[in-house]
Amino acid sequence: IMSDGEQEPGSCYVGVDVGTGSVRAALVDQRGMMLAFAEHPITKWEPQFNYHEQSSEDIWAACCVVTKKVVQGIDLSRIRGLGFDATCSLVVLDKQFRPLPVNYEGDFHRNIIMWLDHRAISQVQRINETKHSVLQYVGGMMSVEMQAPKLLWLKENLRETCWEKAGHFFDLPDFLSWKATGVTARSLCSLVCKWTYSAEKGWDDSFWKMIGLEDFVADNYSKIGNQVLPPGASLGSGLTPEAAKELGLPVGIAVAASLIDAHAGGLGVIGADVTGHGLICEGQPMTSRLAVICGTSSCHMGISRGPIFVPGVWGPYFSAMIPGFWLNEGGQSVTGKLIDHVVQGHVAFPELQAKAAARCQSVYAYLNSHLDLIKKDQPVGFLTVDLHVWPDFHGNRSPLADLTLKGMVTGLTLSQDLDDLAILYLATVQALAFGTRFIIEAMEAAGHSINTLFLCGGLSKNPLFVQMHVDITGMPAVLSQEVESVLVGAAILGACASGDFPSVQEAMTRMSKVGKVVFPRHEDKKYYDKKYQVFRKLVEHQKEYSAIMNED
Ligand SMILES: Nc1ncnc2c1ncn2[C@@H]1O[C@H](COP(=O)(O)OP(=O)(O)O)[C@@H](O)[C@H]1O
Ligand SMILES: O=C(CO)[C@H](O)[C@H](O)COP(=O)(O)O
């Protein structure tokens, strides 16, 4: 969709964002305005419970579809740079860069172990038992969603069919920049956040030897990356003729070292000029801001000048998102996915779908207006006085770092109607917001000082999700002018690689813009404080239940 009336014949950049469910691309100008947007779904396989796989060829093909769409009808000479971000999934290729199966079935299409795959539980437990010093830089505990346990799983389970044939293990963002340029250099972002690389000290041989992956040390890390570049750095000679043809872009334009999707979202929102919005963070350093990227999962990105060690919160990571700053990354493994799961699994879902379709609304917009109808004259959040949810249906990423935790719901009745579905949906949204409050409290206890949320991602399109985060954390939320801020982050990378901006910080301040600000309803604080008490008790009780069941 081209915007009209703008007289801006200047340079522009293409950002490509590979999320869990779809690939998006945007054409973005130097002011951070999105001139065109396209989206294309990608295939996911779940061959067994907790196994999640994708295909790098399918994903690349989707990147080509969306990129071609956003540059249609544009004077191609205006396009100066290309940036990618993606989920932190593990891509496996053989020595000739062909896909290798990551599954027992030997299906070559499925050569990606997705970030949310939990197959490597035993491997991550053993890695954590080593208590190796690199673990201090991932919140004290490695997550099953990171790459080391997945690599160990491949070695232990698919030795002949995958491990021994493998020539290249890429984080998905780095796979994309390699596809575009032929350069195998990795981004500091992916290696630091998911692979235990240190921006200051490089790889730690003793870690890989201790966990049984000494293979990487022996060949000087050539399979997982021994050339590392900061996000936004320009790669090789830019876009190769082959990739240019596939993407519909000019040969040789600058291609940037990539970012993980949450980090691109962080770049897209955290640097905005907030002057005149009445926000407490105005005039304060960027460290008072928390970027929350809310899609299938939510990621809570807080930065600091020096390293802050927050138990159960990933990091501190140096220069992984913004050069020169340390980053802590809190997270909830499933947020959008949990809301979808709860709503779609309810017996009244077909009725909801039909009613929403009749009004040409999304099911969420319908549910939000239904809640407004049934709340009568009380605040909508008060509908869940006796319905409470613990949201860790896929384990807890932060701040408990406990993948064994499960979801809980208390307050169920025999009701099966739309009211029941709407209230359960509300309680789930609130539980996710309480989870964010829990993460912020852990970050603050360790030394962060945060007062404003910067929200982006698919869930930030849901006004109920935003209002609940604001009311429950007591902090205002800034929503960007461009809803798809993650794509602005990817375009910022392309802009930096092109040399049009002297630094990531400069590009960030110029290209991220405030859209809307949402303030908390302080009068509801007492109610939410009580619900938060219940929230914290739920997990204590869950732990008591498992202790009882595990007694001899
Ligand atoms: N218009 C909308 N209103 C409410 N929720 C939405 C809307 N669009 C997407 N979502 C939610 O956002 C989630 C996906 O967010 P998205 O950022 O697209 O995910 P990802 O980057 O992981 O592919 C979905 O699970 C859904 O719950
Ligand atoms: O671990 C992460 C970032 O470090 C993300 O959770 C993962 O990349 C998936 O992102 P999304 O929910 O946007 O699909």
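Residues numbered from 1 in each chain as written. Chains lettered and ligands numbered in written order. Predicted model: local features only at pLDDT ≥ 70, side-chain atom pairs only at ≥ 80, totals over all residues. Heavy atoms only, no water.

## Some thoughts on the site of ligand 1
Next up, step 1: Around ligand 1 sit 15 residues in total, of which Thr20, Arg24, Thr296, Asp340 and Gly458 are the nearest.
Next up, step 2: Between ligand 1 and the protein, one listed contact pairs an oxygen atom with a backbone N or O atom of Thr20 at 3.1 Å.
Next up, step 3: The cavity that encloses ligand 1 is the largest pocket.
Next up, step 4: Here the element with the most residues in the shell around ligand 1 is helix α11 (residues 336-345); it accounts for 3 residues.
Next up, step 5: Of the residues in the shell around ligand 1, the class split is 2 nonpolar, 9 polar and 4 charged. (Near = heavy atom within 4 Å. Polar contact = N/O pair within 3.5 Å; in protein donor to acceptor, adjacent residues only side chain to side chain. 1 Å grid on protein atoms, 1.4 Å probe; cavity = no way out; pocket = protein on both sides within 12 Å on 5 of 7 lines; lining within 4 Å. Sits in = over half its atoms within 2 Å of the grid points. Helix = DSSP H or I, 4+ residues; strand = E, 2+ residues; numbered from the N terminus. Nonpolar A, V, L, I, M, F, W, Y, C, P; charged D, E, K, R; others polar.)

## Some points on the packing of helix α1 (residues 56-71) against helix α5 (residues 172-181)
Next up, step 1: Here α1 crosses α5 at 65 degrees, and the two axes come no closer than 11 Å. By crossing handedness, the relation of α1 to α5 is classed as right-handed. Only Leu172, Phe175, Leu176, Lys179 and Ala180 of α5 make contact with α1, whose side of the interface consists of Ser56, Ile59, Trp60 and Cys63.
Next up, step 2: A breakdown of the residues in the contact of α1 with α5 according to their chemical character gives 7 nonpolar, 1 polar and 1 charged. (Axes fitted to C-alpha atoms, helices over the stretch in contact; angles between N-to-C directions. Left-handed = near helix turned anticlockwise from the far one by under 90°. Contact = heavy atoms within 4.5 Å.)

## Examining the UniProt feature "domain: Carbohydrate kinase FGGY C-terminal" (unreviewed entry) in the protein chain
Next up, step 1: UniProt's entry tags residues 290-497 with the feature "domain: Carbohydrate kinase FGGY C-terminal" (unreviewed entry), counted in the numbering of this structure.
Next up, step 2: As annotated, residues 290-497 comprises 40% helix and 19% strand, and the C-alpha atoms at either end are separated by 26 Å. (UniProt positions renumbered as here; feature names shortened; annotations may be inferred.)

## What about α11?
Next up, step 1: Among all positions in α11, only Gly336, Leu338, Ile339, Val342 and Val343 are buried. The arc that holds the buried residues of α11, viewed along the axis, is 165 degrees, so those residues lie on one side. What points out from α11, more than 90 degrees from its buried face, is the exposed set His341 and Gly345. (Buried < 20%, exposed > 50% of the residue type's maximum accessible area, 1.4 Å probe, protein only. Arc of directions from axis to C-beta.)

## Thoughts on the sheet that holds strand β21 (residues 514-518)
Next up, step 1: Read from one edge of the open sheet, 7 strands run β15-β16-β14-β13-β19-β20-β21, paired in mixed fashion. Each edge of the open sheet is held by one strand with a lone partner, namely β15 (314-318) and β21. This sheet shows a mean twist of 25 degrees between the axes of neighbouring strands, independent of strand direction.
Next up, step 2: Both strand β20 (residues 477-480) and β21 contribute to a ladder of 4 bridges, which runs antiparallel. Residue pairing for β21: Leu479 is matched across the bridge by Lys516. (Pairing = 2+ DSSP bridges.)

## Overview of the layout of surface pockets
Next up, step 1: Here the largest pocket defines a volume of roughly 1,100 Å³.
Next up, step 2: Gly21, Arg24, Gly295, Thr296 and Gly458 are the residues nearest the centre of the largest pocket, which is lined by 46 residues in total.
Next up, step 3: Breaking the lining of the largest pocket down by element, the ones donating at least two residues are β2 (22-29), α10 (261-269), α11, α13 (363-374) and α16 (485-497).
Next up, step 4: The biggest single contributor to the lining of the largest pocket is α11, with 5 residues.
Next up, step 5: Taken as a whole, the second largest pocket spans an internal volume of roughly 410 Å³.
Next up, step 6: Forming the walls of the second largest pocket are 18 residues, and the residues nearest its centre are Phe49, Asn50, Lys337, Phe393 and His394. (Points joined across faces, edges and corners; volume = space filled by probe spheres on them.)

## A word on the side chain of Thr87
Next up, step 1: In this fold, Thr87 is placed in the loop between β5 (79-86) and β6 (90-94).
Next up, step 2: Its relative accessible area of 2% is what places Thr87 among the buried residues.
Next up, step 3: Those residues in contact with Thr87 that lie beyond four places of it in its chain are Val18, Gly19, Thr20, Trp115, Asp171, Leu172, Pro173 and Asp261.

## Topic: the domain arrangement of the protein chain
Next up, step 1: Taken domain by domain, the protein chain comprises domain 1 (12-255), domain 2 (263-334 + 439-522) and domain 3 (336-429).
Next up, step 2: Listed per partner, the contact involves 9 residues of domain 1 and 5 residues of domain 3.
Next up, step 3: Among the residues domain 1 hides against domain 3, the three largest losses belong to Leu116, His118 and Met141. Together they make up 43% of the total.
Next up, step 4: On the surface where domain 1 and domain 3 come into contact, there are 1 salt bridge.
Next up, step 5: Taken together, the residues of the side of domain 1 that touches domain 3 break down into 6 nonpolar, 2 polar and 1 charged. (Domains from an automatic or database assignment. Buried area = accessible area lost by both parts, 1.4 Å probe. Salt bridge = Lys/Arg side-chain N within 4 Å of Asp/Glu carboxyl O.)

## Here's the deal with unusual backbone geometry
Next up, step 1: Going from Gly315 to Pro316, the amide bond is cis rather than trans, its omega being 0 degrees.
Next up, step 2: Locating Pro316 in the fold gives a position in strand β15.
Next up, step 3: Between Ser398 and the following residue, Pro399, the backbone shows a cis peptide bond with an omega angle of -5 degrees.
Next up, step 4: With respect to the element layout, Pro399 can be found in the loop between β17 (388-390) and β18 (408-410).
Next up, step 5: Unusually for a residue other than glycine, Phe97 sits at a positive phi of about 65 degrees.
Next up, step 6: Its location among the elements puts Phe97 in the loop between β6 and β7 (112-113).
Next up, step 7: We classify Phe97 as partly exposed; its relative accessible area is 28%.

## A short note on the side chain of Arg78
Next up, step 1: Structurally, Arg78 can be placed in the loop between α1 and β5.
Next up, step 2: In this structure, Arg78 is buried with no salt-bridge partner, the nearest side chain bearing the opposite charge being Asp75 at 5.9 Å. (Lys, Arg positive; Asp, Glu negative; His and termini not counted.)

## What about the nonpolar core?
Next up, step 1: Judged by nonpolar contacts, the single largest core of 94 residues is most densely connected at Leu154, Phe169 and Trp208.
Next up, step 2: Among the elements that make up this core, the one with the highest residue count is α16 (9 residues).
Next up, step 3: Built from parts of two domains, this core gets at least three residues from each of domain 1 (12-255) and domain 2 (263-334 + 439-522).
Next up, step 4: Excluding residues that lie within four positions of it along the chain, Trp208 makes contacts with Ala148, Leu151, Trp195, Thr196, Trp203, Leu213, Glu214, Phe216, Val217, Tyr221 and Ile224.
Next up, step 5: Judged by nonpolar contacts, the second largest core, of 65 residues, contains Val292, Leu383, Tyr425 and Tyr527. (Core = buried A, V, L, I, M, F, W, Y, C linked by side-chain atoms within 4.5 Å.)

## Some points on the pairing of strand β1 (residues 12-18)
The side chains of a regular strand alternate, first on one face of the sheet and then on the other.
Next up, step 1: For β1, the tally of buried residues reaches 7 of 7 residues, placing the bulk of the element in the interior.
Next up, step 2: Of the two faces of β1, the one holding Cys12, Val14, Val16 and Val18 and the one holding Tyr13, Gly15 and Asp17 are both buried throughout.
Next up, step 3: Here 7 bridges tie β1 to β5, and the two strands are oriented parallel to one another. The residue bridging Val18 from the neighbouring strand is Ala86, located in β5.
Next up, step 4: As judged from the 7 bridges shared by β1 and β2, these two strands associate in the antiparallel manner. Each bridged residue has a counterpart across the sheet, and for Gly15 the counterpart in β2 is Ala26.
Next up, step 5: Where β1 folds back onto β2 in an antiparallel hairpin, the turn is made up of 3 residues.

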